[in-house]
Amino acid sequence: MTIRNAEVLVTSPGRNFVTLRITTDDGVVGLGDATVNGRELATAAYLSEHVVPLLIGKDEHNIEDMWQFLYRGAYWRRGPITMAAIAAVDVALWDIKAKIAGLPLYQLLGGASRVGALAYGHASGSDNDALFSSIRNHLDQGFKAIRIQTGVPGLGQIYGVATDQRPGERYDYEPAKRLPLPAEETWDTRAYLRHIPSVFAAVREEFGPELILLHDGHHRMTPNQAASLGKSLEPYDLFWLEDCTPGENQEGLRRVRSQTTTPLAIGEVFNSVFDYQTLITEQLIDYVRSAVTHTGGVTALKKLMDFAAIYQIKSGFHGPTDISPVGQAAQLHLGMAIHNFGIQEYMKHSPETLEVFQTSYTFENGLLHPGNNPGLGVDYNEELAASYGYTTAYLPVNRLLDGTVHDW
Ligand code: CS2
Ligand code: MG
């Protein structure tokens, strides 16, 4: 009943991942994800230098106590690096507990509240033709919900828009240029605001009213601009408008909320329940975008979702490819169990990633299911992982037409 070993594993099968592997004295192994895109080695060092020594010899069953020990004991609270490190420990311990119980993790969190988790994929294109073919591709795969991102006339490559896919070409698993030094892209919010409503009008015209559509504003607008976009998108019945303004300014959401009924989702860069306090109690948002990986694990995100449930706010956990399959599996188990599940982002991992992380989750008819293997249902192929060395990869930086740095 003690933790014998904890190892920090860094691998790059297509992109960088940081994984914590905890082994008990009985030989039970648990996995946790600590990947922070573009700052991966910071969490790896936080874990190996400051957390791993604290785990050895502790009772693996006391998950809540371990969470409080790492959170309160560090004195320096919150922040993406700390909370991702705590998440990795938390998820690995839940994996171990569920394996010892012989149950898939969702059974320990209350059991299944649904047959599967509605998932949304990412369609994008530099123009409407490319976008439509990306949407068709997602429909062929069975997606019932699709995020729409598009190029803007006059601007070059922008974040969130994949290189246009031609039949037979390899899927672009991360539509961001991740380079040894940050790529610099150009942004113009006025051009974007002029263009985007016409794209949604064209998509509704082509694909009809039933398809669930989402859009990510990626923190690029002011509250006033976001209010105006929300209003102009109302006729197209979006499931949500995500990160319409920078999340740090919670009061800004009051302005947006008072002007539009387009549902709002926020929180992928948040890392604790306190970041949501105003947004939840004042019901300024409809969906919580946090990931298990960046919010202190299953223990913390479950509490956050229970708090949100009182206000009829639902989950929309962050699931891009920089959340490892371990993190994705953990939030699928949580999403199966909570009553206020909304939707799950599902950006498929590359074949290389899925050879290193062997998962038991399935995608069928638009729904994800975590599978019924004991624990999280993810195995780590260490030998293969070791063949993919860490590669420095920065996210891009956005500049306005006059060169000013802007949110990307
Ligand atoms: C995006 C992410 O999935 C999303 O909604 O905002 O791709 C995000 O930009 C990346 O995870 C950043 O690491
Ligand atoms: Mg986003």
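Below: a short report on this structure. Values in this document were obtained by computation on a predicted structure and should not be read as measured data.

**Describing the sheet that holds strand 18 (residues 405-406)**
No. 1: Pairing within the open sheet is mixed, and its 3 strands lie in the order 6-17-18. Of all the strands in the sheet, just strand 6 (184-187) and strand 18 have a single pairing partner and so form its edges.
No. 2: In this structure, strand 17 (residues 397-400) lies alongside strand 18, joined through 2 bridges in antiparallel fashion. Across the sheet, asparagine 398 pairs through a bridge with histidine 406, a residue of strand 18.

**Comments concerning the coordination of the magnesium ion (ligand 2)**
No. 1: At the metal site, the magnesium ion (ligand 2) is ligated by Asp216 (OD), Glu242 (OE) and Glu268 (OE), and these contacts range over 2.0 to 2.2 Å.
No. 2: Taking the relative accessible area as the measure of exposure, aspartate 216 reaches 2% and is therefore buried.

**Quick word on helix 6 (residues 189-207)**
No. 1: Along its 19 residues, helix 6 runs 27 Å from first to last C-alpha, staying within 8% of the 27 Å computed at 1.5 Å per residue.
No. 2: The largest bend along helix 6 measures about 25° and falls at histidine 195, with the proline proline 197 one to four residues further on.
No. 3: On its buried face, helix 6 sits against helix 5 (128-141), strand 5 (145-150), strand 6, strand 7 (212-216), helix 7 (223-233) and strand 18.
No. 4: Of the residues that open helix 6, the one with a side-chain oxygen 3.2 Å from the backbone nitrogen of arginine 190 is aspartate 188.
No. 5: Glycine 208 occupies a position one or two residues after helix 6 and carries a positive phi of about 85°.

**So, the side chain of histidine 318**
No. 1: Inspection of the secondary structure puts histidine 318 in the loop between strand 11 (314-317) and helix 11 (325-337).
No. 2: Separated by 3.2 Å, the side chains of histidine 318 and glutamate 268 make a polar contact.
No. 3: Once you skip the residues sitting within four places of it in the chain, histidine 318 turns out to touch Glu268, Arg289, Ser290, Ala291, Ile323, Gln331, Gln344 and Glu345.

**Things to note about the packing of helix 2 (residues 63-73) against helix 10 (residues 297-309)**
No. 1: Closest axis-to-axis distance for the helix 2/helix 10 pair is 9 Å, and the angle between their directions is 95°. The angle between the axes of helix 2 and helix 10 places the two elements in the roughly perpendicular class. Contact residues: Ile63, Glu64, Trp67 and Gln68 in helix 2; Thr299, Ala300 and Lys303 in helix 10.
No. 2: Residues that form the contact of helix 2 with helix 10 fall into these classes: 3 nonpolar, 2 polar and 2 charged.

The rules behind these values
Residues numbered from 1 in each chain as written. Chains lettered and ligands numbered in written order. Predicted model: local features only at pLDDT ≥ 70, side-chain atom pairs only at ≥ 80, totals over all residues. Heavy atoms only, no water. Pairing = 2+ DSSP bridges. Helix = DSSP H or I, 4+ residues; strand = E, 2+ residues; numbered from the N terminus. Donors = N, O, S within 2.8 Å, 3.2 Å for Na, K, Ca; no water. Buried < 20%, exposed > 50% of the residue type's maximum accessible area, 1.4 Å probe, protein only. Expected span 1.5 Å × (residues − 1). Bend = angle between axes of the 7 residues up to and from the residue. Contact = heavy atoms within 4.5 Å. Polar contact = N/O pair within 3.5 Å; in protein donor to acceptor, adjacent residues only side chain to side chain. Axes fitted to C-alpha atoms, helices over the stretch in contact; angles between N-to-C directions. Parallel < 35°, antiparallel > 145°, perpendicular 65-115°, else oblique. Nonpolar A, V, L, I, M, F, W, Y, C, P; charged D, E, K, R; others polar.

Distances and angles like these do not, on their own, reveal function.
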